[in-house]
Amino acid sequence: MPGVAGTGAADPAGGPARRPLPGLGFLLALQRLNLMAGMAYRWSFLSQVVFMMLNNAIFMVFWWVFFQRFPQVQGWGMDDMLLLFALVAAGFGLSVTLFGNALRLSSMIQEGKVDVFLSAPPDPFLHLLMSRMSLSGIGDFLFGVGAFLWLYPADPVRWLAFGVVVVCSGLILTAFWVISQCLAFFLGGSEGISGILAEALVTLSMYPDSLFTGGVKYFVYSVVPVGFVAWLPVSIVRGPGAGPLALLVAATVLWVWLARLVFAAGLRRYESGNLIQARG
Amino acid sequence: MTRPEPPTSPPGRPDLAPASQKGGDRGGQGEERSLAPPPETGAEGMNGPRSFPGLPRRVPRPTGSLAAVARKYAAIVATAVRHRMAYIGDSLGRPVFFALILFVFCRLWQTVFADGRAPVVGFAARESLWYLVMTEAILLSAPRLQGRIDEEVKTGAVATLLNKPCHYVGYHLAFALGEALPVFLLNLAVGVVTARVLIGPLPVAPAAVLALFPAVTLAMTLSVLIGLCLALLAFWVEDAAPFFWVYQKMLFILGGLMIPLDFLPGWLQAVAGWLPFRTILCGPARLLVRFSVADAGSLFLWQAAWIAVFAVVTVALYHAGIRQVESHGG
């Protein structure tokens, strides 16, 4: 049943009618409900947060062991890796906490679970993405903030830079995941390729940029925006500067705009499964 | 952030969602199973329910000769192999990720050893990368029990295996090993080709190849048993996923996933030496890169000992947990 996505009045071009973006109050209420639902299971909530922090800390042990043996890798040392990981973990945590459905979009599209958001008054883009919260993401975020404060305990300028780049990093991650997951609108079963792209972005962002040269460097600043998620933020925090920061903000706006565009294009091709479900 | 997990279930974004929010395993497990009331009579070796509602407090034991039992579990292994082969397309994401990891570490090791740095305990860039081929092939092929067994426990689907003429633990062990086989061969092939292209071949002793078969089989068996132990904790906790995260990271560090344990500080090597993780990853991978008969013999003994320990613990956990299951039909 093509075109069900555009329920409601169609615009003159034949596409779905534009609906208002959900207000801040609505989004805050969504987040509050997500958090309350997660905290209802006390052990599950605490264990996911605490164990994820522990999980990340253990990963840093690998780099500690590595740098004990090899103190420098093309200018990167233990503190640089900790900063990189702090930024990526905080950005990742922010993304999956606030936009918990970004990584599930593909399966939701395939299973027809987008329907319920299309029948609600607000614009479905943010409503859908923010309707779930990954509790372990809170652990990622807290670990990232904690690691950063460990490195820079009293440096307000860097704190400010950290705050800005983490938000940008989280938004670019979300936008990239949305775009890759939206392949399901066009290809059908695309969980495999979407998963690979998501993993590639996260995996590559956890290693120094000096490992990548030549064509690979262009690839990781364009097709897969690792450079904007991890390495440019690291350079901004190391030495805050207006130029790189402006570049990061511009890249963020571009990726978010692209994600919105791809999602809207995908919705026009979406076919409802007429799935009837109650939202928990 | 957690690493991607092996592809026992169809691809998605493993690791990032709590197990309780996953489902749709094509293997038939998970919340889609119905909870059938236990048969009151007729199941061989099974006692009737003592106080309904509830489940029989004793689980069926495999009966018959040892050969018959072996044939039964061999049939489960064969079924799992066919099941995985039928959905081998779902597993193709792992090799791509595997190749990506090898590329990153190839660059890392080439950078580290680029300035004429001497090999560390016999490991230079080439040895380090081939070591990673084996550890990653094992890790990425180990069946993913997180979100499967613990979901069975949480949803009560565990009851559907109670009236089968095989032990729950034995069934899952056999099924998981069967699933791992084709995925391991696929991953190994991709790893070997990728490493050859990236850094060149590694001379391997024929004896090492022979020793790797039992070493990897025992490593997988141990890995599955530890996974079952963790998943069965779902009888007592709401979500067993965090235990898997920590176990995975223990494998990273104390199992020697990315770097051989020889690279660790002495005290950490000593700690790792007393834990089972090294026998899953580092042990088999060292056989590939630096084979010695003494190392192989020692590894087999440690693997067998840890398998015995975890087999006992797993069965004990299962029997303790199953006593708490209450089924009301449906």
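Residues numbered from 1 in each chain as written. Chains lettered and ligands numbered in written order. Predicted model: local features only at pLDDT ≥ 70, side-chain atom pairs only at ≥ 80, totals over all residues. Heavy atoms only, no water.

Draft legend 1. Structural detail: the overall build of chain A. The secondary structure content of chain A amounts to 13 helices and zero strands. From first element to last, N terminus to C terminus, chain A shows the α and β order α-α-α-α-α-α-α-α-α-α-α-α-α. Taken across its 280 residues, chain A has 55% of its residues classed as buried. Accessible surface computed for chain A: about 11800 Å², of which carbon and sulfur atoms make up 70%. (Helix = DSSP H or I, 4+ residues; strand = E, 2+ residues; numbered from the N terminus. Buried < 20%, exposed > 50% of the residue type's maximum accessible area, 1.4 Å probe, protein only. Areas by Shrake-Rupley, 256 points an atom, 1.4 Å probe, with all protein chains shown as cover.)

Draft legend 2. Quick peek at the nonpolar core. Grouped together as the largest cluster of nonpolar side chains are 188 residues, with contacts concentrated most on Trp63, Phe66 and Trp177 of chain A together with Phe105, Trp109 and Ile280 of chain B. At 15 residues, helix 6 (residues 206-232) of chain B tops the list of elements feeding residues into this core. Ignoring any residue separated from it by four or fewer positions in sequence, one finds Ile280 of chain B in contact with Ile138, Ala219, Leu222, Ser223, Ile226, Tyr247 and Leu251 of chain B. Counting residues in each nonpolar core, the second largest holds five residues, with Phe45, Val49, Met133 and Leu135 of chain A among its members. (Core = buried A, V, L, I, M, F, W, Y, C linked by side-chain atoms within 4.5 Å. Contact = heavy atoms within 4.5 Å.)

Draft legend 3. Main features of the side chain of Asp140 of chain A. Looking at the element boundaries, Asp140 of chain A is found in helix 7 (residues 135-151). Apart from residues no more than four positions distant in its own chain, Asp140 of chain A is found in contact with Met52, Asn56, Ala89, Ala90, Phe92 and Gly93 of chain A together with Met1 of chain B.

Draft legend 4. Up close: the packing of helix 3 (residues 78-98) of chain A against helix 12 (residues 226-238) of chain A. All names here are of chain A. At a minimum axis distance of 9 Å, the contact between helix 3 and helix 12 shows a crossing angle of 115°. Handedness of the helix 3/helix 12 crossing: right-handed. In this structure, helix 3 contributes Asp80, Leu83, Leu84, Leu87 and Val88 to the contact, and helix 12 contributes Ala230, Trp231, Pro233, Val234, Val237 and Arg238. Grouping the constituent residues of the contact of helix 3 with helix 12 by class yields nine nonpolar, no polar and two charged. (Axes fitted to C-alpha atoms, helices over the stretch in contact; angles between N-to-C directions. Left-handed = near helix turned anticlockwise from the far one by under 90°. Nonpolar A, V, L, I, M, F, W, Y, C, P; charged D, E, K, R; others polar.)

Draft legend 5. Spatial organisation of the interface of chain B and chain A. Contacts between the two partners involve 47 residues from chain B and, on the opposite side, 49 residues from chain A. Summed over both sides, the interface of chain B with chain A buries roughly 4300 Å², with 73% coming from carbon and sulfur. Summed over the shared surface of chain B and chain A, the number is zero salt bridges. Applying the counting criterion to the chain B and chain A interface returns four residue pairs in polar contact (both at pLDDT 80 or more). Elements with a contribution of two residues or more to the side of chain B that touches chain A: helix 2 (93-112), helix 7 (241-253) and helix 8 (266-273) of chain B. (Buried area = accessible area lost by both parts, 1.4 Å probe. Salt bridge = Lys/Arg side-chain N within 4 Å of Asp/Glu carboxyl O. Polar contact = N/O pair within 3.5 Å; in protein donor to acceptor, adjacent residues only side chain to side chain.)

Draft legend 6. A look at the confidence of the model for chain A. All names here are of chain A. Put simply, chain A has an average pLDDT of 84, and 89% of its residues get 70 or more. By mean pLDDT, helix 11 (residues 215-219) is the weakest element of chain A at 80, and helix 3 is the strongest at 94. The low-confidence segment residues 1-15 (pLDDT under 50) makes 19 contacts with residues lying over four places distant or belonging to another chain. (pLDDT = per-residue confidence, 0-100.)

Draft legend 7. Looking closely at the pattern of salt bridges. In total, this model carries nine salt bridges over all chains according to the counting rule given. Notably, a salt bridge pairs Asp80 of chain A with Arg238 of chain A, separated by 2.8 Å at the nearest N-O pair. Placement of the pair is Asp80 of chain A in helix 3 and Arg238 of chain A in helix 12, with a sequence separation of 158 residues. Since its relative accessible area comes to 19%, Asp80 of chain A is described here as buried. Under the relative-accessibility criterion, Arg238 of chain A is labelled partly exposed at 33%. Across the pair Asp262 of chain B and Arg290 of chain B runs a salt bridge whose closest N-O atoms are separated by 4.0 Å. Pair noted here: Asp262 of chain B is in the loop between helix 7 and helix 8 and Arg290 of chain B is in the loop between helix 9 (282-289) and helix 10 (293-322), with a separation of 28 residues, a long-range link.

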